Amino acid sequence: LGAPEGGYSAWDVGAAIFLIAADSTRFEICRYITPYNRGFVRKFDITHFLPLFKGEKQVYAEVNTWETVTADPQEQKGWKVTAFLDFYTPNNDLKPFAVETFWSGYFEYGNPEDPMQDKLPEIRSAVPSDASAGKLRIVVTGHGMGPNTDGAGEFMPAERTVVINGVHYSNLLWNTDCYLNPCRPQDGTWKFDRAGWAPGSVVNAWEIDLTDFVQNSKELSLRYIPMDYINENRGDHHPAHHLFEAQLIYYK
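Residues numbered from 1 in each chain as written. Predicted model: local features only at pLDDT ≥ 70, side-chain atom pairs only at ≥ 80, totals over all residues. Heavy atoms only, no water.

*Asks:* What is the right way to look at the overall build of the protein chain in this model?
*Replies:* The helix and strand inventory of the protein chain stands at one helix and twelve strands. From first element to last, N terminus to C terminus, the protein chain shows the α and β order β-β-β-β-β-β-β-β-β-β-α-β-β. For the protein chain, whose C-alpha radius of gyration is 19 Å, the value lies close to the compact-globule estimate of 18 Å for 252 residues. With the C-alpha coordinates aligned to their principal axes, the bounding extent of the protein chain is approximately 55 × 45 × 35 Å. The 252 residues of the protein chain split such that 46% are buried. Entry remark: accessible area of the protein chain is about 13,700 Å², with carbon and sulfur atoms responsible for 50%. If the 22 positive side-chain charges of the protein chain are averaged to one point and the 33 negative ones to another, these points end up 6 Å apart. (Helix = DSSP H or I, 4+ residues; strand = E, 2+ residues; numbered from the N terminus. Rg over C-alpha atoms; globule rule 2.2 N^0.38 Å. Buried < 20%, exposed > 50% of the residue type's maximum accessible area, 1.4 Å probe, protein only. Areas by Shrake-Rupley, 256 points an atom, 1.4 Å probe, with all protein chains shown as cover. Lys, Arg positive; Asp, Glu negative; His and termini not counted. Charge placed at Lys NZ, Arg CZ, Asp CG, Glu CD.)

*Asks:* I keep staring at the packing of aromatic side chains and nothing clicks. Help me out?
*Replies:* Aromatic rings considered in pairs are described by the distance between their centres and by the relative angle of their planes. With the rule as written, the count across this model stands at eleven aromatic pairs. Residues Phe102 and Trp103 carry aromatic rings whose centres are separated by 5.0 Å and whose planes lie at 80° to one another, so their mutual orientation is edge-to-face. Residue Phe102 is classed as buried on the basis of its relative accessible area, which comes to 9%. Centroid distance Phe107 to Phe244: 5.7 Å. Interplanar angle 35°. Geometry classified as tilted. Linking Phe107 in strand β4 (residues 96–108) with Phe244 in strand β12 (residues 241–251), this pair joins segments that are 137 residues apart in sequence. Neither residue differs from the other here; Phe107 and Phe244 are each classed as buried. Through successive ring pairs, a cluster of aromatic residues spans Phe102, Trp103, Phe107, Tyr224 and Phe244. (Phe/Tyr/Trp six-rings, centres within 6.5 Å; stacked < 30°, edge-to-face > 60°.)

*Asks:* Is there a simple way to explain the environment of Thr68 in this structure?
*Replies:* If you trace the backbone, Thr68 turns up in the loop between β3 (58–63) and β4. On the basis of relative accessibility, which here comes to 61%, the residue Thr68 falls in the exposed class. Sequence separation between Thr68 and Glu56 is twelve residues; the distance between their C-alpha atoms is 35 Å.

In short, the description is geometric, and any link to function would need to be established separately.
And the structure:
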């Protein structure tokens, strides 16, 4: 992540790299958050997405910015993204062969007139007959802050539950090691704990091993249940949101 001619953008913003499949389905290959006013180099393990990289594909990088667009390139602040793919000999016997994506979007959190739960329908997936293992990846980051109640969604820990074929899995959407992220020091509030991310760092997925379900079921039922929360300070500002992307990967 480098700088254009005018220099780095000052703010921490959401960024990702996407792949577009032949049927126009969009897959988020990796998500990260820019640091305050500096660049970085990061590596992502995307082996689970290997089936998507067959044949000719469209890949694009997206970085949000609050910078004003200028006519003079030498004055334009922002980000310059360069990406490479490195391929290695696999060190295990499992090979990913199918990827499904769902629960994708930027959903307001805490508005009873537009519940986030309504945007997260139950997912049913037929288990391929030749699958021997599986994994669920859920990437969520919380955004928005005061005057939202409790500092949601950026500065509020949020419990969440995933129900897989009736079995409950719980996780806390919260990073407590932002001050240790590899892009330090920075400007701004980079040291503060946040809802699933840190400025200048990779966003890690919540991963759940589905092997037992894959080997013993013909279909998977997946439900995501967010923590109950009402934003009592909804208004004309930056309301609490959770940015979602989930994938189901099957292995042989």
